[in-house]
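In case you want the letters, here they are:
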Amino acid sequence: MSDSSLTLLVTVLAVVLPVVLAVVVTVFTVRRIRRDPRRLGNAYWLLATTLLLGWVLGVAGSGGNPVFGALGLVVVLSPLITVVFAVFCVLNGAVMLRRERFSLGNSLSLLTGLAIIGLLVAVWPVLALHSLVLRALWLACLLAAAFLAFQFAAFLGYARLYRWLVRDRPADWVVVLGSGLHGSEVPPLLATRIATGMDELARRGAGRLVLSGGKGDDERLAEGEAMARWAAAHGADPAVLTAETDSRTTEENLRFSSALVGDGPGVIVTSNYHAFRAALLARRLGVDAQAVGAPTAGYYWPSAVLREFVAVLREYRVANAVLLALVAVPVPLVLVLVGS
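All of the points below concern the structure found in this document.

Rules used in this analysis
Residues numbered from 1 in each chain as written. Predicted model: local features only at pLDDT ≥ 70, side-chain atom pairs only at ≥ 80, totals over all residues. Heavy atoms only, no water. Salt bridge = Lys/Arg side-chain N within 4 Å of Asp/Glu carboxyl O. Helix = DSSP H or I, 4+ residues; strand = E, 2+ residues; numbered from the N terminus. Buried < 20%, exposed > 50% of the residue type's maximum accessible area, 1.4 Å probe, protein only. Pairing = 2+ DSSP bridges. Axes fitted to C-alpha atoms, helices over the stretch in contact; angles between N-to-C directions. Contact = heavy atoms within 4.5 Å. Core = buried A, V, L, I, M, F, W, Y, C linked by side-chain atoms within 4.5 Å. Patch = residues over 30% accessible without salt bridge, like charges linked within 9 Å, V, L, I, M, F, W, Y side chains within 5 Å. Areas by Shrake-Rupley, 256 points an atom, 1.4 Å probe, with all protein chains shown as cover.

As a further point, take the pattern of salt bridges. Summed over the entire model, instances satisfying the criterion amount to 10 salt bridges. In this structure, the salt-bridge partner of Asp36 is Arg283, at a minimum N-O distance of 3.0 Å. With Asp36 in the loop between α1 (3-35) and α2 (40-61) and Arg283 in helix α11 (residues 275-285), this residue pair connects regions lying 247 residues apart in the sequence. On the basis of relative accessible area, Asp36 is assigned to the buried category, the value being 14%. The partner of Arg277 in a salt bridge is Glu315, with the nearest N and O atoms 3.0 Å apart. Placement of Arg277 in helix α11 and of Glu315 in helix α12 (residues 301-315) is noted, with a sequence separation of 38 residues between them. Look at Glu315 and you get partly exposed, because its relative accessible area is 41%. Among the charged side chains, a network of salt bridges with common partners joins Arg167, Asp168, Glu200, Arg203 and Arg204.

Structural data, given as structure tokens:
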């Protein structure tokens, strides 16, 4: 085979194979999402597909050179973007703690930003100390952070897409999840959920609106009852309202509410940061419902999304622990063994 023929063959393979792979993965991902959008794995497949398509476009734009396609991804995932994200998290965390009570959940944005900055800054003392074990440990932390970053990007991106995917699904009933009262008063966050539930009821032509929430230790009445009163006072037809007053958790919200509405598809209304996880839970419980999100204050959203992400990691903790070990341990371990 002549040099020109070999060059042509390599160029064709470098372009054709990535394109074929991208098409196959894209078709698989689209079919998976259409079959059931309430699957966490959809998020990872979608991000992998997006990165693969980006690499293919980079290859095509560079005249068939796969190296330039890879460089395109490196630019997208550059340290500068990481630094910007870390600074954003720190600033948002400061605002969050100034406006809300101090708690671990409300501090997640701040802690995430500080952890990323700490990992980036640590590279200088790690290189200066010339310790192989220390370098391996830093590399393991970096790989673990990259793994978690991939998962978070997938979770965040798909959670946004999920809201668009289910916006026009038919529904026979709507369930609004409680979020706590101020004594016996409905606070603004919960009022926004109820108002969104009323809008979804009218828009989808559903026949029943279930207000779901039990009585907390610091509340004067059950959330479901207070929510039903608020809805009736703001224009909802009392004939379509049902108060579910026994639940104390999101899982109980869904189980008890679905028992009240019977068969038929439904819609779950919660805050926008919680919608995708509520949909995942509904699928696990066998509840035929999609979830939609009510608006949330912008400063509150980043910490709330991180809290939801941590909750999802905990729900799949065994699988995540295994994958994290496979990603973060082998390369640093080999580095130590070879260098010792």
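Attention shifts here to the sheet that holds strand β1 (residues 173-177). The strands that make up a sheet pair up through hydrogen bonds in the backbone, lying either parallel or antiparallel. With parallel pairing, five strands are arranged side by side in an open sheet as β3-β2-β1-β4-β5. Strands at the two margins of the open sheet, each flanked by one partner only, are β3 (241-244) and β5 (289-294). With strand direction ignored, the average angle separating the axes of adjacent strands in the sheet is 25°. Note that strand β2 (residues 208-212) and β3 share four bridges and pair parallel. Bridge pairing links Leu209 to Leu241 in β3. With respect to the sheet, helix α9 (residues 223-233) is in contact with β1, β2 and β3, its orientation differing from that of β3 by roughly 160°. Of the strands in this sheet, β1, β2, β3 and β4 (266-271) touch helix α10 (residues 250-261), which is tilted by about 150° from β2.

Position of Phe150 among the secondary structure elements: in helix α7 (residues 132-165). Its relative accessible area of 31% is what places Phe150 among the partly exposed residues. Once the C-alpha coordinates of Phe150 and Leu47 are considered, the two residues, 103 residues apart in sequence, prove to be 8.2 Å apart. If we skip the residues at most four places from it in the chain, Phe150 touches Tyr44, Leu47, Ala48 and Leu51.

Core analysis: the biggest nonpolar cluster contains 38 residues, and Phe155, Tyr162, Ile268, Phe276 and Ala291 have the highest contact counts within it. Of all the elements in the fold, those that place two or more residues in this core are α2, α7, β1, α10, α11, β5 and α12. Broken down by element, the residue count for this core peaks at seven residues, all from α11. For Phe276, the residues in contact, after removing those within four places along its chain, are Pro37, Arg39, Leu40, Phe155, Tyr158, Ala159 and Tyr162.

Non-glycine residue His130 carries a positive phi angle of around 55°. Looking at the element boundaries, His130 is found in the loop between α6 (123-129) and α7.

Let's shift gears to a nonpolar patch on the surface. Residues Val83, Val87, Leu91, Ile117, Val121 and Trp124 make up a contiguous nonpolar surface patch of roughly 560 Å² in combined accessible area. Listing elements by their share of the nonpolar patch, those giving two or more residues are α4 (79-99) and α5 (108-121). No other element matches α4, which puts three residues into the nonpolar patch. Note that Val83 resides in helix α4.

Moving on: the pairing of β1. Among the five residues of β1, five are classified as buried, and the element is accordingly described as predominantly covered. Burial of β1 is two-sided: the residues Trp173, Val175 and Leu177 facing one way and the residues Val174 and Val176 facing the other way are all buried. Note that β1 and β2 share five bridges and pair parallel. Across the sheet, residue Val176 finds its bridge partner in β2, namely Leu211. Judged from the four bridges that link them, β1 and β4 form a sheet pairing that is parallel. Residue pairing across strands places Val175 opposite Ile268, the latter belonging to β4.

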